[in-house]
Every structure is written in C-alpha cells, then in structure tokens.
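So the chains spell out like this:
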Amino acid sequence: MLYKIIGDSCMDLTEELKLDPHFQMIPLTLQIGDYKVTDDETFNQKEFLAKVKASPECPKTACPSPESFKEAFEGEAEYIFVVTLSNHLSGCYNSAALAKRLYEEENGTDGKKIAVIDSLSASAGELNIALFIRDLCEKGLRLRRSAGRRRHIGIR
C-alpha cells in the first residue's frame with residue numbers, strides 16, 4: 001500500500017522519522033514583529049528565542065497555506081493522511097481540509113483517498129496518531145469513511 005502521512009511542523013518527528021519517505025512536514029511560520037521565520041530544518045531555535053526575549057511583542061504563528069498542503073498531495077501515494085494541530089490552537093486543520101477540497105475539485109479523486117485528521121492535540125499527540133496510522137498501513141489496513149462529518153481511521 002502506498003501511503004503518506006503529512007503533518008504540520010508541530011508534529012514531533014524524530015530524526016529517523018524525518019528521513020522516512022512516508023512522512024512529510026508542512027512548516028508553520030513564526031513571527032516576532034517584522035521578523036518571520038519558517039519552522040523547518042533551517043529554523044534556529046536559539047536565535048528565535050533571543051528575538052522573543054528582546055521583543056516587547058508576543059510571538060505569533062501562521063498556519064501553512066492550503067496550497068502547501070495541496071502540493072504535498074501530489075505523488076504516487078494512494079492513501080494520504082494529514083494530521084494537524086488541534087483546530088482549537090491553529091488554522092492548520094481548516095487549511096488542510098480546504099486543500100483537500102481544492103485538490104479533489106481539480107483532480108477528482110484521482111484514485112487517492114485523502115483523510116484530514118484534527119489531532120485535537122499538538123506535538124507528541126499528533127505524532128502518536130501518525131504512528132498509529134503508520135502501523136495500520138504497514139499491516140495493510142485501509143481507510144473507511146465514518147458516518148460522521150469527519151473521517152476516522154477504521155478497518156475495512
């Protein structure tokens with residue numbers, strides 16, 4: 001089964017998982033005043049914290065654009081799982097859900113099954129969901145639609 005698990009940059013991936021081709025990170029943007037930085041592999045935490053300490057303003061974050069998520073749907077993966085920060089903390093879930101709708105409008109389902117999952121958590125909580133999905137995929141289990149508005153992982 002060809003699958004991909006996409007997370008925002010709050011997902012607490014280990015260095016080993018960052019190298020796993022089944023995982024992809026979509027970075028958030030961090031901002032202090034006019035200073036903006038992308039939360040990716042180039043992020044310098046020490047420098048950022050120094051700017052936070054020196055600034056009278058509180059830091060802000062911006063979720064990835066729908067286009068960033070939509071681009072991540074490209075490729076050979078048949079099953080795509082997007083695990084986002086809680087919708088109570090960020091707009092990542094809404095951005096990913098919009099990306100899914102736009103992708104499907106432009107491409108049809110294109111043989112892909114895309115699930116956008118609100119982790120209702122952050123960091124390690126996102127990662128636990130992603131690892132659970134990975135384990136199900138590795139065992140050959142598939143996605144099924146639930147009767148509810150959101151999609152849930154299930155065995156078919």
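(A) Region of the structure containing the overall build of the chain. A count of helices and strands for the chain gives 5 helices and 7 strands. For the chain, buried positions account for 38% of its 156 residues. Counted over contacts in the chain with a minimum sequence separation of 6, partners at least 24 positions apart contribute 66%. Surface exposure of the chain reaches about 9200 Å², of which carbon and sulfur atoms provide 51%.

(B) Structural view of the confidence of the model for the chain. Residues with a pLDDT of 70 or more make up 90% of the chain, whose mean pLDDT is 89. Confidence drops under a pLDDT of 50 for residues 147-156, and excluding neighbours within four residues, the segment shows 27 contacts in the predicted structure.

(C) Local environment of the side chain of Lys 70. With respect to the element layout, Lys 70 can be found in helix H3 (residues 66-72). We classify Lys 70 as buried; its relative accessible area is 11%. Apart from residues lying up to four places away in sequence, Lys 70 is in contact with Ala 99, Leu 102, Tyr 103 and Glu 106.

(D) Broad picture of the pattern of salt bridges. All chains considered together, the criterion is met by 5 salt bridges. Lys 70 is the partner of Glu 67 in a salt bridge, and the nearest nitrogen-oxygen pair spans 3.6 Å. With Glu 67 and Lys 70 both in helix H3, this residue pair falls 3 residues apart, about one helical turn. Of the charged contacts in the structure, one is a salt bridge between Glu 104 and Lys 100, with a shortest N-O distance of 3.0 Å. Here Lys 100 and Glu 104 lie together in helix H4 (residues 92-107), a separation of 4 residues that amounts to about one turn.

(E) Local environment of the packing of aromatic side chains. As enumerated under the stated definition, the model contains 2 aromatic pairs in all. Judged by centre distance (5.7 Å) and plane angle (90°), the ring pair of Phe 73 and Tyr 103 falls under edge-to-face. Taken together, the residues span a long stretch of sequence, with Phe 73 in the loop between H3 and strand S6 (79-84) and Tyr 103 in helix H4 at a distance of 30 residues. For the residue pair Phe 73 and Tyr 103, the accessibility class agrees, reading buried in each case. The side chain of Lys 51 reaches across the aromatic face of Tyr 35, ending 4.6 Å from its centre.

(F) Fine view of the pairing of strand S3 (residues 29-32). A one-sided burial pattern is seen for S3, the buried positions being Leu 30 and Ile 32 and the unburied ones Thr 29 and Gln 31. Two elements, S3 and strand S4 (residues 35-38), share 4 bridges in a ladder whose sense is antiparallel. What sits directly across from Ile 32, in S4, is Tyr 35. Between S3 and S4, which pair antiparallel one after the other, the connecting turn spans 2 residues, and Gly 33 there sits at a positive phi close to 60°. Note that S3 and strand S5 (residues 60-62) share 3 bridges and pair antiparallel. For Thr 29, the partnering residue across the bridge sits in S5 and is Ala 62.

Cut-offs applied
Residues numbered from 1 in each chain as written. Predicted model: local features only at pLDDT ≥ 70, side-chain atom pairs only at ≥ 80, totals over all residues. Heavy atoms only, no water. Helix = DSSP H or I, 4+ residues; strand = E, 2+ residues; numbered from the N terminus. Buried < 20%, exposed > 50% of the residue type's maximum accessible area, 1.4 Å probe, protein only. Contact = heavy atoms within 4.5 Å. Areas by Shrake-Rupley, 256 points an atom, 1.4 Å probe, with all protein chains shown as cover. pLDDT = per-residue confidence, 0-100. Salt bridge = Lys/Arg side-chain N within 4 Å of Asp/Glu carboxyl O. Phe/Tyr/Trp six-rings, centres within 6.5 Å; stacked < 30°, edge-to-face > 60°. Lys NZ or Arg CZ within 6 Å of the ring centre and 35° of its normal. Pairing = 2+ DSSP bridges.

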